[in-house]
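# Architecture at a glance
What follows is the residue order along each chain.
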Amino acid sequence: MRFFLAYAVISVSVAFGAVANDQQDTAVGLFPFCVNGREHCLEVLSANATAPSRTVPFGRKARLSNALLHTYTKANRASDFQRRQTSASGIPQVERTGVVQVFDDSNESIGYVSVTTEDGAIYRVDSALMNAAIVTVSSQATSASGTGLRVSVTGSDISARYPLLGLVQGRDNVDANIGFGSYHYLYLAGVALPGTSPQDSPTIIDNSYNDATELSLAAETDLWEINFSTGTMTTTWVNTNGTPENTVLFVQDGIIYAGGDMDAFANEYSGSSVTGITLKFVF
């Protein structure tokens with residue numbers, strides 16, 4: 001009888017352990033969906049939000065990707081600063097100042113990147129030129145285009161603390177990676193100096209979204225590609241394994257996002273329409 005009871009206890013313990021291990025492969029999102037099915041709402045800016053309403057898969061690959069994220073140390077900052085200075089030495093640079101105009105997928109202008117962000121966290125579109133944020137880009141004087149460019153913002157409501165125009169990991173992402181078939185997304189946001197260098201993988205560095213939410217989401221800054229003849233601005237996010245990923249830009253409720261699959265994002269956040277956009281640097 002004692003043997004039978006001991007065996008039963010062991011069996012239940014093993015079964016419970018298996019369930020617990022399975023549950024470890026599921027991470028509960030910190031925030032619930034916005035009630036209206038949109039990605040952003042004021043409620044999610046509270047880092048004390050409770051009662052998450054969904055779960056997302058969080059397997060070994062996702063855990064490994066998160067482990068690859070690195071925080072900036074003083075050595076990182078010094079090394080990156082020196083690398084930027086060295087690459088620019090001896091090459092004439094020109095500084096261009098202008099605004100960023102936003103066009104929809106029909107190539108119709110819908111406004112400009114605004115001086116006023118959404119809740120002090122994310123850049124959005126404003127229809128009036130007078131409300132456009134002023135941006136500055138430095139590149140080689142003889143080049144008609146540039147890659148891995150840094151875009152600085154002045155005069156916006158967050159640019160004093162976060163002067164670099166960058167992309168920040170989406171709040172509901174499992175990790176900092178994007179790609180086709182994934183709803184994972186990025187915010188167009190402000191990032192603090194020293195920023196990140198071209199082709200850097202996602203880095204946890206001070207940014208406007210983290211400041212508004214008290215989260216620790218990764219960002220990248222020197223990822224802009226600009227054709228100075230047409231003004232067209234594109235961007236390429238680098239995943240945690242160092243692989244550049246095709247990156248598209250889009251808006252929902254006037255808020256500017258990026259990601260690897262706009263349709264997957266729209267399916268995940270179906271409470272409001274999502275429109276593909278193109279950015280143009282007007283100088």
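On a predicted model such as this, the values are computed, not experimentally measured, just so you know.

## Details of the overall build of the protein chain
Helix and strand counts for the protein chain stand at five helices and 20 strands. Burial analysis of the protein chain (283 residues in total) assigns 47% to the buried set. A separation of at least 24 residues holds for 62% of the contacts in the protein chain among residues at least 6 apart in sequence. Accessible area of the protein chain: about 14,000 Å², with a carbon and sulfur share of 55%.

## Quick word on the pattern of salt bridges
One pass over the structure, following the stated rule, counts six salt bridges. Close ionic contact of Arg 161 with Asp 211 constitutes a salt bridge, the shortest N to O distance being 3.1 Å. Here the residue Arg 161 occupies a position in the loop between β9 (151-154) and β10 (164-169), and Asp 211 occupies one in helix α4 (residues 208-213), the gap between them amounting to 50 residues. The exposure class of Arg 161 is exposed, given its relative accessible area of 54%.

## Points about the environment of Leu 279
Along the polypeptide, Leu 279 turns up in strand β20 (residues 274-282). The class for Leu 279 is buried, based on a relative accessible area of 0%. For the pair formed by Leu 279 and Phe 250, sequence separation is 29 residues and the distance between their alpha carbons is 9.9 Å. What Leu 279 contacts, discounting residues up to four positions off in sequence, is Val 100, Gln 101, Val 102, Trp 224, Gly 231, Thr 232, Met 233 and Leu 249.

## A closer look at the packing of aromatic side chains
Applying the stated rule across the entire model yields 12 aromatic pairs. Relative to Tyr 187, the ring of Tyr 185 has its centre 5.5 Å away and its plane inclined at 85°; by these criteria the two rings are edge-to-face. An identical accessibility class is assigned to Tyr 185 and Tyr 187; each is buried. Sitting above the plane of the Phe 228 ring, Arg 96 keeps its charged end 3.8 Å from the centroid. The side chain of Lys 280 reaches across the aromatic face of Phe 103, ending 4.9 Å from its centre.

## Brief notes about the nonpolar core
By size, the foremost hydrophobic cluster in this structure holds 32 residues, and its most contacted members are Val 151, Leu 188, Trp 224, Ile 226, Met 233 and Leu 279. With three residues, the single largest contributor to this core is β20. Listed in part, the 22 residues of the second largest apolar core include Ile 122, Tyr 185, Leu 215 and Ala 264.

## Observations regarding the environment of Val 125
In this fold, Val 125 is placed in strand β6 (residues 125-126). Through-space distance from the C-alpha of Val 125 to that of Val 115 is 9.1 Å; in sequence the pair is 10 residues apart. If we ignore the near neighbours within four places in the chain, the residues touching Val 125 are Val 102, Ile 110, Gly 111, Tyr 112, Ser 114, Val 251, Gly 254 and Ile 256.

## Points about the confidence of the model for the protein chain
Looking at the protein chain as a whole, the pLDDT averages 79, with 71% of positions reaching at least 70. Across residues 1-32 the pLDDT falls below 50, and counting only partners more than four positions away or on other chains, this stretch makes 33 contacts in the model. Below pLDDT 50 for its whole length, residues 47-88 participates in 80 contacts with residues either more than four positions away or in separate chains.

## Here's the deal with unusual backbone geometry
Geometrically, the link from Leu 193 to Pro 194 is a cis peptide bond, its omega value of 10° lying close to zero. Mapped onto the secondary structure, Pro 194 falls in the loop between β11 (185-191) and β12 (203-204). Positioned with a positive phi, Glu 214 is a non-glycine residue whose angle comes to about 65°. Mapped onto the elements, Glu 214 comes out in the loop between α4 and β13 (218-220).

## Observations concerning the pairing of strand β14 (residues 224-227)
Residues Trp 224 and Ile 226 line the buried face of β14, whereas the alternating positions Glu 225 and Asn 227 sit on a face that is not buried. Bridge count between strand β8 (residues 145-149) and β14: three bridges; the pairing is antiparallel. Note that in β14 the partner of Gly 146 across the bridge is Ile 226. Examined bridge by bridge, β14 and strand β15 (residues 232-235) share three bridges and lie antiparallel to one another. Its bridge partner lying in β15, Ile 226 is registered against Met 233.

## Remarks on the side chain of Asp 200
With respect to the helices and strands, Asp 200 occurs in the loop between β11 and β12. Under the relative-accessibility criterion, Asp 200 is labelled buried at 15%. Polar side-chain contacts of Asp 200 include one of 3.0 Å to the backbone nitrogen of Ser 197.

## Quick word on the side chain of Ser 156
With respect to the secondary-structure elements, Ser 156 resides in the loop between β9 and β10. Using a relative accessible area of 10% as the deciding quantity, one classes Ser 156 as buried. Separated by 3.1 Å, the side chain of Ser 156 and the backbone nitrogen of Ser 159 make a polar contact. Ignoring any residue separated from it by four or fewer positions in sequence, one finds Ser 156 in contact with Val 115 and Tyr 123.

Reading the values: rules and limits
- Residues numbered from 1 in each chain as written.
- Predicted model: local features only at pLDDT ≥ 70, side-chain atom pairs only at ≥ 80, totals over all residues.
- Heavy atoms only, no water.
- Helix = DSSP H or I, 4+ residues; strand = E, 2+ residues; numbered from the N terminus.
- Buried < 20%, exposed > 50% of the residue type's maximum accessible area, 1.4 Å probe, protein only.
- Contact = heavy atoms within 4.5 Å.
- Areas by Shrake-Rupley, 256 points an atom, 1.4 Å probe, with all protein chains shown as cover.
- Salt bridge = Lys/Arg side-chain N within 4 Å of Asp/Glu carboxyl O.
- Phe/Tyr/Trp six-rings, centres within 6.5 Å; stacked < 30°, edge-to-face > 60°.
- Lys NZ or Arg CZ within 6 Å of the ring centre and 35° of its normal.
- Core = buried A, V, L, I, M, F, W, Y, C linked by side-chain atoms within 4.5 Å.
- pLDDT = per-residue confidence, 0-100.
- Pairing = 2+ DSSP bridges.
- Polar contact = N/O pair within 3.5 Å; in protein donor to acceptor, adjacent residues only side chain to side chain.

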